[in-house]
Amino acid sequence: MFNLKSVLPLAAALLLSVAGAHATVRTETGLTESAAGKSETYRLNVPTEKDIATTQIRLVVPAGVVISRFQVTPGFTRTVKKDASGLVTEVVWTGRVAPMEYARFFFQARNPAAGGEVVWKIYQTYSDGSVVAWDDTNPAEGPASRTTVK
């Protein structure tokens, strides 16, 4: 027989760890908010949630966010797309994140000058070619990551 009082906290912790296992963008210190116009170091955290490796991560840069530089991520190559004015609009990291592992990609950016919500769209490709869209296409299964800019 088991003690229900001891099982409930464990079950809640497991559910929270699963719910928090999505690809997310946070500040370097893990926050989901930052100041308008501030230069910030962000981290993109990508866990492999399947029994096969993640092979590519694509980040669509939200309007108003200006990326200035990237931290080198060993084992990954990075390509960027820029618009006509030279601003980074998309970043793709190619490499391998094995099952039960995660990778973090750090970059520096300036927040939009006005407050509001910044929505980060992330696309995670697995070794079988399947893509998980963390872009709110299906919010229950693939919520986009958000930063509140104040």
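Predicted, not measured: the structure shown is a model, and the values here were computed from it.

**Things to note about the overall build of the chain**
Line of reasoning, step 1. The number of helices and strands found in the chain is one helix and eleven strands.
Line of reasoning, step 2. Secondary structure elements of the chain occur, N-terminal to C-terminal, as α-β-β-β-β-β-β-β-β-β-β-β.
Line of reasoning, step 3. The contacts of the chain with a sequence gap of at least 6 include a subset with a gap of at least 24, amounting to 67%.
Line of reasoning, step 4. Roughly 8700 Å² of accessible area belongs to the chain as shown, and the carbon and sulfur atoms make up 57% of that amount.

**Observations regarding the packing of aromatic side chains**
Line of reasoning, step 1. Here the structure, examined in full by the defined rule, presents six aromatic pairs.
Line of reasoning, step 2. Here Tyr42 and Trp120 contribute two aromatic rings whose centre-to-centre distance is 5.2 Å and whose plane-to-plane angle is 55°, an arrangement assigned as tilted. Placement of the pair is Tyr42 in strand β3 (residues 39-47) and Trp120 in strand β9 (residues 116-126), with a sequence separation of 78 residues.
Line of reasoning, step 3. Linked through ring pairs, Phe70, Phe76, Trp93 and Phe105 together constitute an aromatic cluster.
Line of reasoning, step 4. The ring centre of Tyr126 lies 4.6 Å from the NZ or CZ of Lys50, which sits over that ring.
Line of reasoning, step 5. Above the ring of Tyr123, the side-chain terminus of Arg58 is found at 4.3 Å from the ring centroid.

**Here we look at the pairing of strand β8 (residues 102-110)**
Line of reasoning, step 1. Note: β3 against β8, nine bridges, orientation antiparallel. By the bridge assignment, Val46 is partnered in β8 with Ala103.
Line of reasoning, step 2. Taken together, the four bridges between strand β5 (residues 66-70) and β8 define a ladder with antiparallel strand orientation. What sits directly across from Val66, in β8, is Arg110.

**Things to note about the nonpolar core**
Side chains of a nonpolar character, in soluble globular proteins, are inclined to be buried together.
Line of reasoning, step 1. Counting 24 residues, the largest nonpolar core has Leu44 and Phe107 as the members making the most contacts within it.
Line of reasoning, step 2. Elements that contribute at least two residues to this core include exactly β3, β4 (54-60), β7 (88-97), β8 and β9.
Line of reasoning, step 3. Discounting residues that sit within four places of it in the chain, Phe107 has contacts with Val25, Glu40, Thr41, Tyr42, Leu44, Leu59, Ile67, Arg69, Phe70 and Trp120.

**Description of the sheet that holds β3**
Line of reasoning, step 1. The sheet built from four strands is open, its strands ordered β1-β3-β8-β5 with antiparallel pairing. Strands at the two margins of the open sheet, each flanked by one partner only, are β1 (24-27) and β5. Each strand of the sheet is rotated relative to its neighbour by a mean of 35°, with strand direction disregarded.

**Section: the pattern of salt bridges**
Line of reasoning, step 1. Under the definition given, this model contains six salt bridges.
Line of reasoning, step 2. A salt bridge links Lys38 to Glu40; the nearest nitrogen and oxygen atoms lie 3.6 Å apart.
Line of reasoning, step 3. For the salt bridge of Glu90 with Arg58, the shortest nitrogen-to-oxygen distance reads 3.2 Å. Here Arg58 lies in strand β4 and Glu90 lies in strand β7, a separation of 32 residues in the sequence.
Line of reasoning, step 4. With a relative accessible area of 27%, Arg58 lands in the partly exposed category.

Cut-offs used in this document
Residues numbered from 1 in each chain as written. Predicted model: local features only at pLDDT ≥ 70, side-chain atom pairs only at ≥ 80, totals over all residues. Heavy atoms only, no water. Helix = DSSP H or I, 4+ residues; strand = E, 2+ residues; numbered from the N terminus. Contact = heavy atoms within 4.5 Å. Areas by Shrake-Rupley, 256 points an atom, 1.4 Å probe, with all protein chains shown as cover. Phe/Tyr/Trp six-rings, centres within 6.5 Å; stacked < 30°, edge-to-face > 60°. Lys NZ or Arg CZ within 6 Å of the ring centre and 35° of its normal. Pairing = 2+ DSSP bridges. Core = buried A, V, L, I, M, F, W, Y, C linked by side-chain atoms within 4.5 Å. Buried < 20%, exposed > 50% of the residue type's maximum accessible area, 1.4 Å probe, protein only. Axes fitted to C-alpha atoms, helices over the stretch in contact; angles between N-to-C directions. Salt bridge = Lys/Arg side-chain N within 4 Å of Asp/Glu carboxyl O.

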